[in-house]
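# Close look at the chain arrangement
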Amino acid sequence: MTLPPRCKDGGVSESTKPRISARIGAIAESATLAVDAKAKGLKAQGRPVVGFGAGEPDFPTPDYIVEVAAAATHNPVNHRYSPAGGLPELKAAIVAKTARDSRYEVEPANVLVTNGGKQAVYQTFATLLDPGDEVLLPTPYWTTYPEAIRLAGGVPVEVFAGADQGYLVTVDQLEAARTERTKVLLYCSPSNPTGAVYPPEQVEAIGRWALSHGIWVVADEIYEHLTYDGAVATSMPVAVPELADTCVVVNGVAKTYAMTGWRVGWMIGPKDVIKAATNLQSHATSNVANVSQRAAVAALEGSLDAVEEMRTAFDRRRKTIVEMLNAIEGVHCPVPQGAFYAYPSVEGVLGRTIRGRTPQTSAELAELILDEVEVAVVPGEAFGPSGYLRFSYALGDDDLKEGVGRIQALLAEAH
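These lines cover the structure that appears in this document, whether it is placed above or below. Treat the numbers as computed from the prediction; the structure is a model and nothing was measured.

Turning our eyes to something else, we now look at the overall build of the protein. Looking only at helices and strands, the protein has 14 helices and 12 strands in total. For the protein, whose C-alpha radius of gyration is 22 Å, the value lies close to the compact-globule estimate of 22 Å for 415 residues. Considered along the principal axes of its C-alpha atoms, the protein spans approximately 70 × 60 × 50 Å. The long-range share in the protein, meaning contacts at least 24 apart out of those at least 6 apart in sequence, stands at 73%. Accessible surface, the protein as shown: approximately 17,700 Å² in total, 53% of it carbon and sulfur. With 36 positive and 49 negative side-chain charges, the protein shows a spacing of 6 Å between the two charge centroids.

With respect to the secondary-structure elements, V184 resides in strand β5 (residues 182–188). What makes V184 buried here is its relative accessible area of 0%. Once residues lying within four places of it in the same chain are set aside, the contact partners of V184 are F125, L128, L129, E134, V135, L136, I215, W216 and V218.

Attention now goes to the pattern of salt bridges. Tallying each qualifying case throughout the model produces 24 salt bridges. The salt bridge involving R317 is made with D58; its shortest N-O contact spans 2.9 Å. Here R317 is found in helix α12 (residues 305–326), whereas its partner D58 is found in the loop between β1 (50–51) and α3 (63–72), with 259 residues between them in sequence. Owing to a relative accessible area of 4%, R317 belongs among the buried residues under this scheme. Within this structure, R355, R357, D371, E372 and E413 form a network of salt bridges that share partners.

To continue, consider the side chain of K255. With respect to the element layout, K255 can be found in the loop between β7 (247–252) and β8 (265–268). One buried charged side chain, K255, makes no salt bridge at all; its nearest oppositely charged neighbour is E56, positioned 7.6 Å away. Setting aside its immediate chain neighbours within four residues, K255 contacts G55, P57, I222, Y223, L226, F340 and Y341.

Spatial strand order, β9-β12-β11: 3 strands in an open sheet with antiparallel pairing. Here the strands that pair on one side only, and so sit at the sheet edges, are β9 (341–342) and β11 (378–379). Where β9 meets strand β12 (residues 389–392), 2 bridges bridge the pair, whose relative direction is antiparallel. By the bridge assignment for β12, Y341 is matched with S392. In the packing of helix α13 (residues 362–373) onto the sheet, the strands contacted are β11 and β12, and the crossing angle to β12 comes to about 45 degrees.

Cut-offs and rules
- Residues numbered from 1 in each chain as written.
- Predicted model: local features only at pLDDT ≥ 70, side-chain atom pairs only at ≥ 80, totals over all residues.
- Heavy atoms only, no water.
- Helix = DSSP H or I, 4+ residues; strand = E, 2+ residues; numbered from the N terminus.
- Rg over C-alpha atoms; globule rule 2.2 N^0.38 Å.
- Contact = heavy atoms within 4.5 Å.
- Areas by Shrake-Rupley, 256 points an atom, 1.4 Å probe, with all protein chains shown as cover.
- Lys, Arg positive; Asp, Glu negative; His and termini not counted.
- Charge placed at Lys NZ, Arg CZ, Asp CG, Glu CD.
- Buried < 20%, exposed > 50% of the residue type's maximum accessible area, 1.4 Å probe, protein only.
- Salt bridge = Lys/Arg side-chain N within 4 Å of Asp/Glu carboxyl O.
- Pairing = 2+ DSSP bridges.
- Axes fitted to C-alpha atoms, helices over the stretch in contact; angles between N-to-C directions.

Note that all results are geometric; they support no functional claim without further evidence.
Dropping the structure here:
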């Protein structure tokens, strides 16, 4: 065995030490943000790129929220540190909003305000997991979930449900994946990236299965207000009240109120978990920006009229994009019932030649689409297995039709 060079004092030579820790070096870049950044970079060069990458509403934050934030900037109290776990006013608003929208009764001590939903997800896993603990991860999954699990020392265990199942995993599938190391189930409905929504009876069945095996549930409810065709976003601890002591709900204002850049999310969970996560946050970031918190209070206490206007526009775009995608030979797109994503299977296109190139994976197909017709989509590899593309239809109606129209014309050349 070859030993590393030694310094005169007997230590290991600096030149042989890794510059980046193995833990951080193993993190993959967010694929959705990478696609969005590339699309924006090409647009900045003057190229007519249509981007379906980012899961971000194209609407401005409602005026009444912005006005409250603007006023808050002039109040010196917001120029100072505030409690790491969140402003009391915002915690109270989250408690009231949760009771109103989900019929889930909690207390301020059950709430931690975080810097967006991503911090809520990361801190939840960091608080619950020990090295080697397994997390059942319904697949396709949001690209951040497995990275947050691994950062916490956990092991993501993928449980795949394809287009033929409407992207909904079953209790039997979860049971088949369960081991003695299983500690957590990740539950996201409406789903990113598929737009799938679990029906209430399936939510209850999954919750009771988790309860019976002592498995924690981490429930991501960020898209709760964006449902269509009569679908209902059922909160897991409401469907199974006995689960409340082993369930953490993560949520935020980003998607519902078009506030992605304001960075306000939250965790709702048992008091001991919230206290531990608050301790972590006190060292990691301290409080969320006070002006953003004041804006979030205005959002949660205000009318949902603007939310309904956005939902109506998303619904219209949803119908358009599904119809246009399903008109393409070799593409199958289930009708999403929530969020603002379409997730078609493109397996029928792979292996066919298009303009001299024969993509074998959805990553290769996404690259071809961007190169040839300047449309940015996210390949299925970012969310699990190859063979799929994710389209965010949170963009203007004209851009949507133009972008999918280009893809239709390109894939019509496949042979």
